[in-house]
Amino acid sequence: MPNLEHPAYPAAKLLQLESLVPCREAQVSMLLSLFGERHQFSFPSIFIYGHTSSGKTYVMQTLLNTLQLPHVFVNCVEHFTSRLLLEEILIQLQSCSSETGQTSHVPFGTFNDFVRLFKEAIASRELQDQTLYVVLDRAEQLREMEANILPAFLRLQELTDRNVTVVLLSEIVWELFRPNTGCFEPFTMYFPDYSIGHLQKILSQNHPPEYSADFYCAYINILLGVFYMVCRDLKELQHLAVLNFSKYCEPVVRGEANERDSRKLWKNIEPHLKKAMQTVYLREISSSQWERLQCEDGEPGQLKGLSAHTHVELPYYSKFLLIAAYLASYNPARTDKRFFLKHHGKIRKTNFMKKHEKTSNHLLGPKPFPLDRLLAILYSIVDNRVAPTANIFSQITSLVTLQLLSMVGHNDQLDGPRYKCTVSLDFIRAVAR
Amino acid sequence: MQKLMGQLMNCDVGVDSLEDEDYMQVSQKRIRCSMTSLINWYESVTKKTDSETPSKTRASSCTHCQPPPVVVIFKDMESFTTKVLQDFIVISSQHIRELPLVLIFGIATSPVIIHSLLPHSVSSLLCIELFQSLSCKEHLSTVINKLLLTTQFPFKLGEKVLQVLINIFLYHDFSVQNFIKGYQLCIVEHFYSQPLSVLCCRLADAKQRINSLSHDQCENIRRLPSFRSYVEGQVSEKQIALLTTDNFLKETTQKLLEDLHVYHENYISVLRCLHVFTSSLPKHPLGKQIRELHCACLEEQVWETEEYESSLQLARMLNKSDLVTMLQQCVEIFVSSSGKEFDKTVEKLKEFLTQFQKLEEAFQEQDVSVSSQKELQKKTDLYHLQKTLLELKESRRAKKLTKFEMLRFEVVDYIDSLVRNYLVPADHKTLHEIMYFNTASVLREHLNAAPRIALHTALNNPYCYLKNQALKIDGGSISNKAPDICIVYRLHLECGRLINLVDWLEAFSTVVMAAEGQNADAASSDQVDDIIQARFIRAVSELELLGFIKPSKQKTDHVARLTWGGC
């Protein structure tokens, strides 16, 4: 593992940095060489991308904080309009300066104003020519904002004529960001996923002090063995490691085995991990419920997760409406006459039908149907006479709100609203009972 | 998203300004809707409470060390746009350390929807616990219990009206709010349309009001059907007195109202007692919920119904422990009721209970039935077998009942007598119209609206809404003074699936010009008046807007008719 070396920064800090960001030394050294010395102009914009939990945000923050480089860190999801985003940058800049919180901020409309205010803010911050880093996390939201924000940020150094670098962090590749009108190409950097060795190293770092590192390493090994196939997300694995460690230590605590009895520990923990995979990982139950379960330590019994509660209670006519909607969605309109009237004629099979007989309608998904057809089918499946009251019509709308039906077509189309049924066959069967 | 944040901020700031501390006055317009402002507000609020604790006792200060979380309730999870929800969760999870949030989601369908609304990356940020509230039917029962089956409110619903409301609840929307609104509508209708409802109040007030009734109002009382049947049942002098002297009438009314009040008290207690018995029977002949029992009792004399018979029979087969628990519950109901006549009942029931207990200690004698079984097992030929079976049947009929069974019979008979005494349907009591509201048709019109029917009535019979004497027709004929659209509508009702516009226009002009039939010259000239044509076209496009016809692609100059039947 190459040591982080850079002439501009003190070695002690670099050592500390290295200990904080294991397995990312290559990326950090690349970043450091890009940043150069504090007063040196760096590349105007850097684009870092990588999968979830590949450490982008963490590495950036640790790097900037440890080396105490002046920076502004903004999350684009939280500040979802351009105005909020730009205001946040300015506020962070102003708050770092020694003046206490200014509540009055100058309203600005365009990016031009922002540039002007930005220059003022930098000047007031006494940076002594150090590079200011503006880090935009979740940068994919920038694409949803106005079209000029992204290209402007990429050229911020040129626009403000100051020593500033914009770093964009995102999970999506650069090709999807590139605007149609072209822009300044940033320096793209890829953070590869952690391999299983890396994961092991990182997870083992967090071992609680009561137990030895080897013990914890063995535990992590087991955990990774069970979960690596389904999950490579570092955050998830950390969460799971913390949750299940107490159960793992139980035999040791109880005195049944010592730290080296791997077989016994494995037998103890394995069914537990399997159950965890089905419940906590899938977020069927909450982690506090899981911990409570572990404390009880007896027969786990019936633990009803979220997926166990699938039954939906609907009023009488609503059930019929839903069933009618399902029939309307999945039966072609030709067959209505055949199913729902007493005297139907024969349906002649045309060539078209012969070709397409084999594709089941269930595979193709629900088809939209007009309101009249729904009502016609409803009247024919309900046993007694249904009065066409306003309640029935409003039930249709409430079914749409519950997302059991969905409206297809334009909202303004008062002529004939069309709907689609969005529930599955099992659900309908359960309702029809 | 902005609205969500804005509302949070505004209501938080609102709470802020309500608190009487000298917090910095923040102008609401300039507040930036962002998490940082929210966090700042939260910190300031919790710091305030922390600073107060040193003045209180030391013991309580440690409970304040973890500041209370802010609870956000999402009333209807399915109706939120998914992106907004996801973004909110992501944002709040990032600031969870500074602003502890607890989110409560109201889910109308099933919890699986969380998995379909939120992707794994978002739901992994949540620590989800499930809790279920009572089902809506239970809520309805609570509402009915508190509103109707209580002596607190003198206003009661008649059977038909109650059925309408319950049907709307069960069949249409499961909405307790709508039920309550319907109930409020009933109250308004009752007090609006029934002049004697001034007496529908607490007993003391009612008595005072009776004393101040005017002559007209006494006439109103005399006209009530239940009062009339009461009068017919009286001695003739009393009849004359009731029909002529107002004072005597007032005294009688007071007495009758008192009776009604007492009847209600008894009715409710006995109803609950009966419900205790019938709710645990298999197959629930009289319904599982108390509201069904209540409807059945209101409808007619419940002891004459078949379901009552079958439930009594089933009750005669109950086992001992069930019977004992039921009796104990009945005792509790009667003890807690306000009716004064139930002391004897309570004693009788307690007596039953003690007898049951004594039976436990007594020794049960074996029946003859055991010996008869042994007889059967001997080898006999067909004739002897027949004889022994017949003897067995007769002996079984004349079998001596065990003490337990006799006691059970007694209990059931006693309950039966209580029912016959007290569960008289309200229709049979005099002056019930004052308290009970029973015009279900009005309710149905308002709550279960049928827009098509209303439209049809309006177009077919414009007198109903316009109240113009000239438009009054006795069915079948079209008055030519009716509005154009009514004439056009009536004509189109007589046509088939496709309507020829030209024929329609001619028929229209014939009807319209029927009044001016004397000017036969103008009519015979084959040319239809321009004004009439314009009127026709306007009426036809109005019908198209209303959705009764639509332009047809199959034939030119034709329109397709879209509705059939009266509605």
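Remember, predicted model here, so these are calculated numbers, not experimental data.

Quick word on the packing of aromatic side chains
Next, step 1: What the rule picks out here adds up to 22 aromatic pairs over all chains.
Next, step 2: Ring centres of A:F111 and A:F153 lie 5.6 Å apart, and the angle between their planes is 85°; on these two criteria the pair is classed as edge-to-face. With A:F111 in helix α5 (residues 111–124) and A:F153 in helix α6 (residues 149–154), this residue pair connects regions lying 42 residues apart in the sequence. Per residue, the accessibility class of A:F111 equals that of A:F153, and both read buried.
Next, step 3: Aromatic side chains B:F155 and B:Y183 sit 5.8 Å apart centroid to centroid with 70° between the ring planes, which places their arrangement in the edge-to-face category. Taken together, the residues B:F155 in the loop between α7 (136–147) and β3 (156–157) and B:Y183 in helix α9 (residues 176–193) connect sequence positions 28 residues apart.

Thoughts on a negative patch on the surface
Residues and elements named next belong to chain B.
Next, step 1: On the surface, E299, E300, E304, E306, E307 and E309 cluster together to form a negatively charged patch.
Next, step 2: With three residues, the top contributor of residues to the negative patch is helix α16 (residues 306–315).
Next, step 3: Following the sequence through the fold, E309 ends up in helix α16.
Next, step 4: Overall, the relative accessible area of 42% leaves E309 in the partly exposed class.

Some details on the domain arrangement of chain A
Residues and elements named next belong to chain A.
Next, step 1: Domain annotation for chain A reports domain 1 (11–190), domain 2 (196–308) and domain 3 (316–341 + 363–432).
Next, step 2: Of the roughly 510 Å² buried between domain 1 and domain 2 on both sides combined, carbon and sulfur atoms contribute 58%.
Next, step 3: Three residues stand out in domain 1 for area buried against domain 2, namely P22, C23 and S53, and they jointly supply 83% of the buried area on that side.
Next, step 4: Inspection of the region where domain 1 meets domain 2 yields zero salt bridges.
Next, step 5: Remark: the boundary between domain 1 and domain 2 carries zero residue pairs in polar contact (both at pLDDT 80 or more).
Next, step 6: Here the side of domain 1 that touches domain 2 is composed, by residue class, of two nonpolar, three polar and no charged.

A look at the sheet that holds strand β5 (residues 187–191) of chain A
All names here are of chain A.
Next, step 1: Pairing in this open sheet of five strands is parallel, and the strands run β2-β3-β4-β1-β5 from one edge to the other. Single-partner strands in this sheet number two, and they are β2 (71–75) and β5. The average undirected angle you get between the axes of adjacent strands in this sheet is 20°.
Next, step 2: In this sheet, strand β4 (residues 164–170) lies alongside strand β1 (residues 45–50) in parallel orientation, the contact comprising five bridges. Looking at β4, one finds that I48 is bridged to L169.

What about the pairing of β4(A)?
Residue and element names in this part refer to chain A.
Next, step 1: For β4, the tally of buried residues reaches seven of seven residues, placing the bulk of the element in the interior.
Next, step 2: Neither face of β4 is exposed, since V164, V166, L168 and S170 on one face and T165, V167 and L169 on the opposite face are all buried.
Next, step 3: With five bridges joining them, strand β3 (residues 132–137) and β4 adopt parallel strand pairing. Looking across to β4, one finds that V135 is bridged to V167.

Points about helix α3 (residues 56–66) of chain A
Next, step 1: Within α3(A), the full set of buried residues consists of A:K56, A:V59, A:M60, A:T62, A:L63, A:L64 and A:T66.
Next, step 2: At the C-terminal side of α3(A), A:Q68 shows a positive phi close to 55°.

A look at the sheet that holds strand β6 (residues 549–551) of chain B
Residues and elements named next belong to chain B.
Next, step 1: Here we have three strands laid out as an open sheet, ordered β5-β7-β6, and antiparallel in their pairing. Of all strands in the sheet, those with a lone pairing partner are β5 (498–500) and β6, marking the two edges. In this sheet, neighbouring strand axes are inclined to one another by 35° on average, regardless of whether the strands run parallel or antiparallel.
Next, step 2: Relative to strand β7 (residues 558–561), β6 runs antiparallel, the two sharing three bridges. In the strand pairing of β7, I549 is matched with R561.
Next, step 3: Most of the contacts of helix α27 (residues 501–512) go to β5, to which it runs at about 60°, and overall it touches β5, β6 and β7.

Side note on a nonpolar patch on the surface
All names here are of chain B.
Next, step 1: There is a patch of nonpolar side chains on the surface, built from V71, I73 and V102 and spanning about 250 Å² of accessible area.
Next, step 2: Counting through the fold element by element, I73 comes out in strand β1 (residues 70–74).
Next, step 3: Its relative accessible area of 57% is what places I73 among the exposed residues.

Quick look at the side chain of A:Q141
Next, step 1: For A:Q141, the location among the structural elements is in the loop between β3 and α6.
Next, step 2: Sequence-distant contacts of A:Q141, that is, excluding residues within four places in its chain, are made with A:C76, A:V77 and B:K83.

Overview of the pairing of β2(A)
It is a general feature of regular strands that their side chains alternate between the two faces of the sheet.
Residues and elements named next belong to chain A.
Next, step 1: Counting buried residues along β2, four of its five residues qualify, which places the element largely inside the surrounding structure.
Next, step 2: Across five bridges, the pairing between β2 and β3 is parallel. Within β3, the position partnered with V72 by the bridge is V134.

Structural notes on the pattern of salt bridges
It is possible for side chains bearing opposite charge to pair when their charged atoms get close.
Next, step 1: All chains considered together, the criterion is met by nine salt bridges over all chains.
Next, step 2: Here A:E87 ties to A:R83 by a salt bridge, and the two come within 3.2 Å at their closest N and O atoms. Of this pair, A:E87 and A:R83 both sit in helix α4 (residues 82–96), four residues apart, which is roughly one turn of the helix.
Next, step 3: Bridged by salt links that share partners, the residues B:D484, B:R535 and B:R538 form one connected network.

Calculation notes
Residues numbered from 1 in each chain as written. Chains lettered and ligands numbered in written order. Predicted model: local features only at pLDDT ≥ 70, side-chain atom pairs only at ≥ 80, totals over all residues. Heavy atoms only, no water. Phe/Tyr/Trp six-rings, centres within 6.5 Å; stacked < 30°, edge-to-face > 60°. Helix = DSSP H or I, 4+ residues; strand = E, 2+ residues; numbered from the N terminus. Buried < 20%, exposed > 50% of the residue type's maximum accessible area, 1.4 Å probe, protein only. Patch = residues over 30% accessible without salt bridge, like charges linked within 9 Å, V, L, I, M, F, W, Y side chains within 5 Å. Areas by Shrake-Rupley, 256 points an atom, 1.4 Å probe, with all protein chains shown as cover. Salt bridge = Lys/Arg side-chain N within 4 Å of Asp/Glu carboxyl O. Lys, Arg positive; Asp, Glu negative; His and termini not counted. Charge placed at Lys NZ, Arg CZ, Asp CG, Glu CD. Domains from an automatic or database assignment. Buried area = accessible area lost by both parts, 1.4 Å probe. Polar contact = N/O pair within 3.5 Å; in protein donor to acceptor, adjacent residues only side chain to side chain. Nonpolar A, V, L, I, M, F, W, Y, C, P; charged D, E, K, R; others polar. Pairing = 2+ DSSP bridges. Axes fitted to C-alpha atoms, helices over the stretch in contact; angles between N-to-C directions. Contact = heavy atoms within 4.5 Å.

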